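Next come the chains, spelled out residue by residue.
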Amino acid sequence: MAAPSASPAPSASAPSASPAPSASVPSASLASSVPSAPPAGVPRRDPRPRVTELRLSAFGRHRGAAFPVGQVTLLAGPSGSGKSAVLAAYEALARLGGGAPLAEVFPDPGALVPQRARPDAQRRRGFRIGCTADGAEGPVRLDVAVQAEPELRVVGERLTAGGLVLLETALRDPGRRAVQAAWHTAGSAPVTRAPLPDDRLGTALLPLRVAGKTDGQRQVLAAAEQMVVALRSVFPCDPRPEDMRGPVLTGSGRLLRGCDNLADVLWRTRAECGRRHGLLVDAVRTGCAGPVTDLLAEPLGDGTVRALLDRGDGHRTELARLGDGELRYLALALVLFTGPGVLEVDAPGEVPDAMRGLTVLADGFDRCLDPRQRAELLRTAVLMGERGHIRFVGAVSDASWADGAGAITVVHLDV
């Protein structure tokens, strides 16, 4: 599938108003929005919220770019093509959807402004990102305009569904730390207007401000919830072999994005879910050299634990002896098989399990992996995706080995 290359777009100076906030809503709201069975012959819409498109209108090297997101997506392109920027935008939207403040999400916002973007008369520059989330409410679009200079703030947000603007915010008074928001009401007044803070995503705040008394307000809440649930539970993962080889302190048993506490997670998961651990061992047997009968963790008596491969002949191999490719393969396989209960993610606890999704973002997915390892991991991602457990977005330098696979969306980026 040909991917949109970064085509020119308007200057990112003084981003215009355009997207809307996200927040969690009581689980009953989402459950009630699940449609009943459609008439015979009409395909049923998947009610689980999921991101289906990312838009980088002006972000880093990208201008006017849109990227489809499938169940398993590979972003392919040479170094400098902007693969990492796409994943960074996805992660940023996810954190904003979870209620994180701008300063926490964008610690260096100036680096995200397109290089040739010209400041306006007030010396303002910024960037614009957005996405589409599909689900029971149909496609819902979110677009956010962020001012990076001279100070970081949201200056515009828009949430739309079916061509109807459900929420729109705009910076009216630069001297106030607020944006003017208007959301669809369809009651005695067509919209409700109120200020919202300029350091957070408005969509995430809507459940705190919208009463839900009119059909219009309930439509706003349902769309905002779909967007927020689709964005949350994102796990950026980039295993660092150099940090995975030694013993680690036992802790929460939740895997970190660098996978350096892999031994602690194995200590927990091996006993908790024997079926998934068996699948993990089968995958490790495929991707690691030599015989493998088990993957286990061993406490050392000083509060630390180390991970080992059981070779089945009385010998065990410490992870310190494995190559970088084997360690990255092992860590990524663990991520794909374990799920949100084991990963360090922002899971929407108020949402029923059947409606939740987990999206793994893997930058440099194919780094250090041989053809057998990357093919097995991709097969595992497809398998877990078909079971509804996971969605996967990985960046690779070349995806010719995966092109043509029906269950995989391949997006080609050009320099």
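Just so it is clear, the structure is predicted and the values come from calculations on it, not from any experiment.

(A) Examining the overall build of the protein more closely. Looking only at helices and strands, one finds nine helices and 17 strands in the protein. Sorting the 415 residues of the protein into buried and exposed places 54% on the buried side. Look at the contacts in the protein between residues 6 or more apart in sequence, and 65% of them connect residues 24 or more apart.

(B) Region of the structure containing the sheet that holds strand 3 (residues 72-76). The five strands lie next to each other as 10-15-16-3-17, forming an open sheet whose pairing is parallel. The open sheet has two edge strands with one neighbour each: strand 10 (234-237) and strand 17 (409-412). Neighbour-to-neighbour, the strand axes of the sheet open up by a mean angle of 15°, direction not taken into account. Two elements, strand 3 and strand 17, share four bridges in a ladder whose sense is parallel. By the bridge assignment, Leu-75 is partnered in strand 17 with Val-411.

(C) Expanded view of the environment of Pro-190. Counting through the fold element by element, Pro-190 comes out in the loop between strand 8 (178-184) and strand 9 (191-197). Under the relative-accessibility criterion, Pro-190 is labelled exposed at 59%. Placed 26 residues apart in sequence, Pro-190 and Gly-216 show a C-alpha to C-alpha distance of 8.7 Å. Once you skip the residues sitting within four places of it in the chain, Pro-190 turns out to touch Trp-183, His-184 and Thr-185.

(D) The sheet that holds strand 9, seen in detail. Strand order across the open sheet formed by eight strands is 2-1-4-5-6-7-8-9, with antiparallel pairing between neighbours. In this open sheet, the two edge strands, each paired with only one partner strand, are strand 2 (62-68) and strand 9. If you compare each strand with its neighbour and ignore which way they point, the axes differ by 15° on average. Bridge count between strand 5 (residues 140-149) and strand 6 (residues 153-161): eight bridges; the pairing is antiparallel. Within the sheet, the bridge partner assigned to Val-144 lies in strand 6 and is Glu-157. Together, strand 1 (50-59), strand 2, strand 4 (125-134) and strand 5 form the strand contacts of helix 2 (residues 83-97), whose direction differs from that of strand 1 by roughly 115°.

(E) How the structure looks around the packing of aromatic side chains. The final tally for this structure, using the stated rule, is three aromatic pairs. Judged by centre distance (5.0 Å) and plane angle (65°), the ring pair of Phe-106 and Phe-127 falls under edge-to-face. With Phe-106 in the loop between helix 3 (102-105) and strand 4 and Phe-127 in strand 4, this residue pair connects regions lying 21 residues apart in the sequence. Residue Phe-106 is classed as buried on the basis of its relative accessible area, which comes to 3%. Ring centres of Phe-365 and Phe-392 lie 5.1 Å apart, and the angle between their planes is 70°; on these two criteria the pair is classed as edge-to-face. Pair noted here: Phe-365 is in the loop between strand 15 (359-362) and helix 9 (371-386) and Phe-392 is in strand 16 (residues 391-396), with a separation of 27 residues, a long-range link. For the pair formed by Phe-365 and Phe-392, the shared burial category is buried. Here the aromatic residues Phe-59, Phe-106 and Phe-127 are joined through ring pairs into a cluster of three or more.

(F) Focus on the confidence of the model for the protein. A residue-level look at the protein finds 84% of positions with pLDDT of 70 or above and a mean pLDDT of 86. Across residues 1-14, where pLDDT falls below 50, the model places 44 contacts with residues more than four positions away in sequence or in other chains.

(G) Focus on the pattern of salt bridges. For the coordinates displayed, the defined rule picks out 27 salt bridges. Linking Glu-298 and Arg-316 is a salt bridge whose minimum nitrogen-to-oxygen distance equals 3.8 Å. With a gap of 18 residues between them, Glu-298 in strand 12 (residues 294-299) and Arg-316 in strand 14 (residues 316-318) connect regions that are remote in the sequence. Accessibility expressed as a relative area gives 22% for Glu-298, which makes it partly exposed. Take Arg-316: its relative accessible area is 46%, and that puts it in the partly exposed class.

(H) Examining the nonpolar core more closely. By size, the foremost hydrophobic cluster in this structure holds 63 residues, and its most contacted members are Leu-54, Phe-59, Phe-106 and Leu-159. Element by element, the count of residues in this core is highest for helix 2, at nine residues. With residues up to four places along the chain from it excluded, the contact list for Phe-106 reads Phe-59, Ala-92, Leu-96, Leu-112, Phe-127, Ile-129 and Leu-152. Residues Val-72, Phe-337, Leu-378 and Ala-399 belong to the second largest nonpolar core, which totals 55 residues.

(I) Layout of the environment of Gln-217. Along the chain, Gln-217 turns up in helix 5 (residues 215-231). On the basis of relative accessibility, which here comes to 9%, the residue Gln-217 falls in the buried class. Linking Gln-217 and Thr-185, residues 32 residues apart in sequence, is a C-alpha distance of 5.0 Å. When near neighbours in sequence (up to four residues on either side) are disregarded, Gln-217 contacts His-184, Thr-185, Thr-192, Val-210, Ala-211 and Gly-212.

(J) Here's a closer look at the environment of Leu-336. Of note, Leu-336 is situated in helix 8 (residues 324-338). When its relative accessible area of 3% is taken as the criterion, Leu-336 is described as buried. Taking C-alpha positions, Leu-336 is 9.8 Å from Leu-378, a pair spaced 42 residues apart along the chain. Residues within four places of Leu-336 in sequence aside, it is in contact with Leu-377, Thr-380, Ala-381, Met-384, Ile-390 and Phe-392.

(K) Helix 9, seen in detail. Taking 1.5 Å per residue as the helical rise, helix 9 with its 16 residues ought to reach 22 Å, and the 23 Å between its terminal C-alpha atoms agrees with that figure. Those residues of helix 9 that fall on the buried side of the exposure criterion are Gln-373, Glu-376, Leu-377, Leu-378, Thr-380, Ala-381, Val-382, Met-384 and Gly-385. Where helix 9 is buried, its residues contact strand 3, helix 7 (274-287), helix 8 and strand 16. Among the residues trailing helix 9, Gly-388 stands out with phi positive, at a value near 80°.

Reading the values: the criteria
- Residues numbered from 1 in each chain as written.
- Predicted model: local features only at pLDDT ≥ 70, side-chain atom pairs only at ≥ 80, totals over all residues.
- Heavy atoms only, no water.
- Helix = DSSP H or I, 4+ residues; strand = E, 2+ residues; numbered from the N terminus.
- Buried < 20%, exposed > 50% of the residue type's maximum accessible area, 1.4 Å probe, protein only.
- Contact = heavy atoms within 4.5 Å.
- Pairing = 2+ DSSP bridges.
- Axes fitted to C-alpha atoms, helices over the stretch in contact; angles between N-to-C directions.
- Phe/Tyr/Trp six-rings, centres within 6.5 Å; stacked < 30°, edge-to-face > 60°.
- pLDDT = per-residue confidence, 0-100.
- Salt bridge = Lys/Arg side-chain N within 4 Å of Asp/Glu carboxyl O.
- Core = buried A, V, L, I, M, F, W, Y, C linked by side-chain atoms within 4.5 Å.
- Expected span 1.5 Å × (residues − 1).

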